[in-house]
There are 2 protein chains.
Amino acid sequence: MSTPPPQLSSTELAAYFAFTEVSSLLRHAVEKQLRDVGKLSYVQFQLLARLGDAPGGAQRMTDLADGVVYSRSGLTYQAQSLEERGLVTRGPSSEDERSTIVAITDEGRDVLAKVFPGHIEAVKTHLFESLSAEDVEMLARVMTQVSGHLRAEPPRSAASRTRTTKPN
Amino acid sequence: MSTPPPQLSSTELAAYFAFTEVSSLLRHAVEKQLRDVGKLSYVQFQLLARLGDAPGGAQRMTDLADGVVYSRSGLTYQAQSLEERGLVTRGPSSEDERSTIVAITDEGRDVLAKVFPGHIEAVKTHLFESLSAEDVEMLARVMTQVSGHLRAEPPRSAASRTRTTKPN
DNA sequence: TAGCACTGCTTCGAATTCGAAGCAACACCT
DNA sequence: AGGTGTTGCTTCGAATTCGAAGCAGTGCTA
């Protein structure tokens with residue numbers, strides 16, 4: 001009686017498998033394009049894109065990490081890498097001395113602009129090409145729904161820290 | 001006039017973003033479950049699951065790699081790891097001396113069985129919980145469609161090998 | 001205002017990942 | 001049979017990724 005045997009319907013199974021497969025294939029395709037055109041990893045591109053959209057072109061590390069679903073340590077690594085390439089700057093926040101504010105540079109925007117068309121193209125080709133307008137709409141609706149559901153409950157990417165001090 | 005500026009409609013954009021976000025979040029959730037319960041990485045689980053489904057519980061390395069959308073070298077690594085744990089065996093094919101046949105062991109099936117319920121549970125919770133039956137059906141249809149489209153044209157994961165011999 | 005828990009980020013070490021290059025077996029063509 | 005290209009896998013080195021642990025700044029409470 002430990003775990004009531006959960007089940008997926010055959011439709012759910014099909015949806016799940018196809019979903020993971022598409023996401024893998026799409027990701028690989030996009031990664032290749034980004035690497036070839038702008039020497040960017042997928043994560044780096046996501047970071048730049050988010051910063052490009054953000055007001056003032058700047059965001060806190062944590063918000064970035066949450067935004068792209070990424071570990072903080074991994075973000076530190078990539079942000080350093082981007083900083084070395086001059087695509088972003090990092091500095092302390094004036095409001096909170098702990099926070100690091102990452103901001104996209106003009107050079108960063110240039111790279112983003114260089115990579116963007118091919119990125120869009122890749123997404124169009126690999127994800128949308130075979131879909132009707134209704135399909136796309138449906139997909140948007142469903143994915144947004146799930147995404148909202150996921151963002152709602154689970155503890156953030158940082159999760160509950162493993163009780164730093166005394167477990168008492 | 002180099003690249004005709006491609007565009008994504010706002011719906012497409014929304015679909016794309018939500019799609020990648022869901023896929024990331026789902027993946028993280030599933031990975032955590034697999035790690036906690038069976039000390040398996042996502043890839044390892046996929047491999048075991050595929051082998052479990054395959055006739056005779058065995059498959060060629062390449063077919064496995066293609067099946068899970070994974071690099072061959074990465075597969076070698078994980079297959080070794082699984083072999084060391086006794087969850088799979090590896091041996092040469094009788095038909096083609098080059099091929100390595102990976103087969104799941106009883107122990108491998110045990111681990112699979114131990115992990116499976118939680119896995120299903122995680123997928124249900126994170127992907128399907130907030131969706132209606134129609135949504136799921138739609139998702140299955142659309143994803144299958146895209147997956148078919150993707151599998152159709154692009155060169156396999158091995159891609160065209162970078163012209164091994166003389167480039168002349 | 002001192003104490004204490006929490007938050008934000010980085011450092012560290014280990015594990016994973018990939019592509020390029022290399023090795024061996026196969027297939028085809030003459 | 002010999003030559004040439006292809007396929008299947010592994011090894012190698014470099015890059016990326018994560019979680020745990022550590023450091024510093026904040027905020028709350030007495």
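In this text, all values refer to a predicted model and were calculated from it rather than measured experimentally.

Turning our eyes to something else, we now look at the overall build of chain A. For chain A, the helix and strand inventory stands at 6 helices and 3 strands. Tracing chain A from N to C terminus, the helices and strands come up as α-α-β-α-α-β-β-α-α. At a minimum sequence separation of 6, the contacts of chain A that also span at least 24 residues come to 54%.

As a matter of local geometry, DNA strand D sits amid 27 residues, with S73, G74 and E97 of chain A together with T62 and S73 of chain B nearest to it. Listing elements by their share of the surface near DNA strand D, those giving two or more residues are α4 (72-84) of chain A together with α3 (61-68) and α4 (72-84) of chain B. Ranked by residue count, the leading element in the surface near DNA strand D is α4 of chain A, at 5 residues. Of the residues that constitute the surface near DNA strand D, the class distribution is 5 nonpolar, 14 polar and 8 charged.

Let's shift gears to the sheet that holds strand β1 (residues 58-60) of chain B. Residue and element names in this part refer to chain B. Pairing is antiparallel across the open sheet formed by 3 strands, whose spatial order is β1-β3-β2. If you trace the sheet from one side to the other, it starts and ends with β1 and β2 (88-92), each paired once. The sheet shows a mean angle of 25° between the axes of neighbouring strands, taken without regard to direction. When β1 meets strand β3 (residues 100-104), the two strands line up antiparallel, connected through 3 bridges. Note that in β3 the partner of A58 across the bridge is A103. Relative to the sheet, α3 contacts β1 and β3, its axis offset from that of β1 by approximately 90°. Strand contacts of α4: β2 and β3, with the helix running at about 120° to β2, the strand carrying the most contacts.

A word on the relation of the copies chain A and chain B. In the superposition of chain A on chain B (RMSD 0.0 Å, axial shift 0.0 Å), the rotation amounts to 180°. In short, the pair behaves as if placed about a two-fold rotation axis. Mapped onto chain B, 100% of the interface residues of chain A are again interface residues, and the two copies thus contact each other with one and the same surface.

As a further point, take the sheet that holds strand β2 (residues 88-92) of chain A. Strands pair in a sheet through their backbones, by hydrogen bonds, and they do so in one of two ways: parallel or antiparallel. Residue and element names in this part refer to chain A. Taken together, 3 strands build an open sheet; the order of strands is β1-β3-β2 and the sheet is antiparallel. Either end of the sheet is taken by a strand with one partner, and the two such strands are β1 (58-60) and β2. Each neighbouring strand pair of the sheet contributes to a mean axis angle of 25°, computed without reference to strand direction. This element, α4, spans β2 and β3 (100-104) of the sheet and lies at about 120° to β2.

Turning our attention to the protein's contact with DNA strand C. As a matter of local geometry, DNA strand C sits amid 27 residues, with T62 and S73 of chain A together with S73, G74 and E97 of chain B nearest to it. It is α4 of chain B that provides the largest number of residues to the surface near DNA strand C, a total of 5 residues. Of the residues assigned to the surface near DNA strand C, the class counts are 5 nonpolar, 14 polar and 8 charged.

Take the interface of chain A and chain B next. Between chain A and chain B, the residue contacts involve 44 residues of the former and 44 residues of the latter. Those elements that provide at least two residues to the side of chain A that touches chain B are α1 (10-38), α5 (106-128) and α6 (133-152) of chain A. For the side of chain A that touches chain B, the element with the most residues is α6 of chain A, which contributes 14 residues. Looking at side-chain class alone, the side of chain A that touches chain B contains 25 nonpolar, 12 polar and 7 charged residues.

All names here are of chain B. Counting through the fold element by element, F45 comes out in helix α2 (residues 42-53). Residue F45 is classed as buried on the basis of its 22 C-beta neighbours within 10 Å. As a C-alpha pair, F45 and T100 span 55 residues in sequence and 19 Å in three-dimensional space. Apart from the residues within four sequence positions on either side, F45 is in contact with L34, L40 and V115.

A word on the confidence of the model for chain A. Of the residues in chain A, 87% reach a pLDDT of 70 or more, and the chain-wide mean stands at 85. Note on residues 155-168 of chain A: pLDDT is under 50 here. Beyond four places in sequence and across chains, it has 7 contacts.

This paragraph deals with the pairing of β3 of chain B. One ladder, built from 5 bridges, connects β2 of chain B with β3 of chain B; its direction is antiparallel. Bridge pairing in β3 of chain B links V88 of chain B to I104 of chain B.

This part covers unusual backbone geometry. With the exception of glycine, the majority of residues adopt a negative phi angle, and the majority of peptide bonds are in the trans configuration. For V69 of chain A, which is not glycine, the phi torsion reads 55° and is therefore positive. Relative to the assigned elements, V69 of chain A resides in the loop between α3 (61-68) and α4. For V69 of chain A, a count of 20 C-beta atoms within 10 Å corresponds to the buried category. You will see that K39 of chain B, though not glycine, has its phi angle at about 55°, which is positive. What makes K39 of chain B exposed here is the crowd of 11 C-beta atoms within 10 Å.

Moving on, we come to the nonpolar core. Formed by 79 residues in total, the largest nonpolar core has its most connected members in L139 and M143 of chain A together with L139 and M143 of chain B. In contact with L139 of chain A, not counting residues within four places along its chain, are A15, F19 and V142 of chain B.

Basis of the calculations
- Residues numbered from 1 in each chain as written.
- Chains lettered and ligands numbered in written order.
- Predicted model: local features only at pLDDT ≥ 70, side-chain atom pairs only at ≥ 80, totals over all residues.
- Helix = DSSP H or I, 4+ residues; strand = E, 2+ residues; numbered from the N terminus.
- Contact = placed C-beta atoms within 7 Å.
- Near = placed C-beta within 6 Å.
- Nonpolar A, V, L, I, M, F, W, Y, C, P; charged D, E, K, R; others polar.
- Pairing = 2+ DSSP bridges.
- Axes fitted to C-alpha atoms, helices over the stretch in contact; angles between N-to-C directions.
- Least-squares fit on C-alpha atoms with pLDDT ≥ 70 in both.
- Buried ≥ 20, exposed ≤ 12 C-beta atoms within 10 Å, placed from the backbone.
- pLDDT = per-residue confidence, 0-100.
- Core = buried A, V, L, I, M, F, W, Y, C linked by C-beta atoms within 7 Å.

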